[in-house]
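Coordinate analysis (summary)
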Amino acid sequence: MPLVIISDNSSCVFGSIARILNIDKKVNTSTKLTKQDRYVFMTELDTNCSSMSFEWKVSNVTSLPFAVGKAHSKTVGSDSEWSDTRSLEHGLYLVEYIVQFQDFYFLDYGFVEVLPSPPVALIAGGPEVSRKHDSLVRLDGSQSLDLDLEPGDFDGMTFSWSCKRKGEQFYDVNASSYSIGCFGTGKQALEDTGRIVLLDTSRMKVNQFYDIKLTVFTERKMSDSFVQRMHIVSGEPLYVEIK
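Figured I'd write up the structure that's included with this text.

Thresholds applied
- Residues numbered from 1 in each chain as written.
- Predicted model: local features only at pLDDT ≥ 70, side-chain atom pairs only at ≥ 80, totals over all residues.
- Heavy atoms only, no water.
- Phe/Tyr/Trp six-rings, centres within 6.5 Å; stacked < 30°, edge-to-face > 60°.
- Helix = DSSP H or I, 4+ residues; strand = E, 2+ residues; numbered from the N terminus.
- Lys NZ or Arg CZ within 6 Å of the ring centre and 35° of its normal.
- Patch = residues over 30% accessible without salt bridge, like charges linked within 9 Å, V, L, I, M, F, W, Y side chains within 5 Å.
- Areas by Shrake-Rupley, 256 points an atom, 1.4 Å probe, with all protein chains shown as cover.
- Salt bridge = Lys/Arg side-chain N within 4 Å of Asp/Glu carboxyl O.
- Lys, Arg positive; Asp, Glu negative; His and termini not counted.
- Charge placed at Lys NZ, Arg CZ, Asp CG, Glu CD.
- Buried < 20%, exposed > 50% of the residue type's maximum accessible area, 1.4 Å probe, protein only.
- Disulfide = S-S within 2.5 Å.
- Pairing = 2+ DSSP bridges.
- Axes fitted to C-alpha atoms, helices over the stretch in contact; angles between N-to-C directions.
- Core = buried A, V, L, I, M, F, W, Y, C linked by side-chain atoms within 4.5 Å.

**A closer look at the packing of aromatic side chains**
This model, assessed by the stated rule, comprises eight aromatic pairs. Summarising the aromatic geometry, the rings of F54 and Y97 are spaced 6.2 Å apart at their centres and angled 5° between planes, so their arrangement reads as stacked. You can see F54 sitting in strand β5 (residues 53-60) and its partner Y97 sitting in strand β7 (residues 91-101), a full 43 residues away along the chain. Three or more aromatic residues link up through ring pairs in this structure, and these residues are Y39, F41, F54, W56, W82 and Y97. For the cation-ring pair, K166 lies above F209, with the distance from its terminal atom to the ring centre recorded as 5.2 Å. Sitting over the ring of F183, R203 keeps its end group 4.1 Å from the ring centre.

Structural data, given as structure tokens:
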């Protein structure tokens, strides 16, 4: 229920109500967000006051029993709406929307939980490329992202590469079976696990298609995969990378 705190019954604050329209009021069913969500907390005011100021405050209440108050909260916004959750770390938060008129204020509150974002796996060159036979091809996963980190920060990320011929299915990374994989050796998983690896195309067939799969894992046990179809040609292919 919205709270009203006043010290003067003659103030226009009396009877004023502030509401956050799209936030859950219960800690156990808090509004779920990621740092990448462009979620706008929308509000409604019922007041006769004018020339008001606004403040959005959050308190991390991940640990129970939690504490609130000035020592445990920080200001994150000063408009009638708030949308920038990127400054919040993962966890559970009490969100307060405070409207102030002179020395009086009224407020509303709710709870949000900021969840980890899944990674995004990408291979340079895009979903379809042509590569020269009998050469070392550079497989580059540097465009992959952990959306909760700054671009170019790969802390906690691991990379797994697989290669198969067109018409096969991708199997579990540890699976082995006679003749599967790009080289027909019985394994699809490549030995190298770096962000950038080299693929020897000398054992691949000219004018055949192969699928390269990159799977990116984060330390939060979330993952994403990207598949690039590779056409092996005899000469130098036309190679244009679009960034």
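Read on for the rest.
**Let's talk about a negative patch on the surface**
A grouping of E150, D153, D155 and E219 is seen on the molecular surface, where their side chains present a negatively charged patch. Examined against the element boundaries, E150 turns out to sit in the loop between β10 (136-140) and β11 (158-165). On the basis of relative accessible area, E150 is assigned to the exposed category, the value being 61%.

**A word on unusual backbone geometry**
For S51, which is not glycine, the phi torsion reads 55° and is therefore positive. In this structure, S51 sits in the loop between β4 (43-46) and β5. With a relative accessible area of 72%, S51 lands in the exposed category. Positive phi is not limited to glycine here, since N207 has a value of about 65°.

**Considering the state of the cysteines**
Using the criterion set out here, one finds one disulfide in the structure. Two residues, C163 and C182, share a disulfide whose sulfurs are 1.5 Å apart. Across the S-S bond linking C163 and C182, the dihedral sits near -80°, which makes this disulfide left-handed. With a gap of 19 residues between them, C163 in strand β11 and C182 in the loop between β11 and β12 (196-200) connect regions that are remote in the sequence. Residue C163 shares its accessibility class with C182, and that shared class is buried.

**A word on the sheet that holds β11**
Reading across from one edge, β9-β14-β13-β11 is the order of the four strands in this open sheet, with mixed pairing throughout. The open sheet terminates on both sides in strands that have one partner only, identified here as β9 (128-132) and β11. On average, each strand axis in the sheet is inclined to that of its neighbour by 30°, with strand direction left out of account. Summarising the sheet, β11 and strand β13 (residues 209-217) pair through eight bridges and their orientation is antiparallel. Among the inter-strand pairings, F159 is bridged to a residue of β13, identified as V216.

**Here's the deal with a nonpolar patch on the surface**
A surface patch of nonpolar side chains, amounting to about 260 Å² of accessible area, comprises L21, V40 and M42. Within the secondary structure, L21 sits in the loop between β2 (17-20) and β3 (31-34).

**Observations concerning the pattern of salt bridges**
By the definition in use, this model includes 11 salt bridges. The salt bridge involving R220 is made with D146; its shortest N-O contact spans 3.1 Å. You can see R220 sitting in the loop between β13 and β14 (223-233) and its partner D146 sitting in the loop between β10 and β11, a full 74 residues away along the chain. Judged by its relative accessible area of 27%, R220 falls in the partly exposed class. Given the relative accessible area of 4%, D146 is considered buried. In this structure, K164 and D211 form a salt bridge, with 2.7 Å as the shortest nitrogen-oxygen distance.

**Quick look at the nonpolar core**
In terms of nonpolar packing, the biggest core is built from 22 residues, with L139, F159, W161, L199, M204, I212 and M230 touching the most fellow members. Membership of the second largest hydrophobic core comes to 20 residues, among which are A18, L33, L88 and F101.

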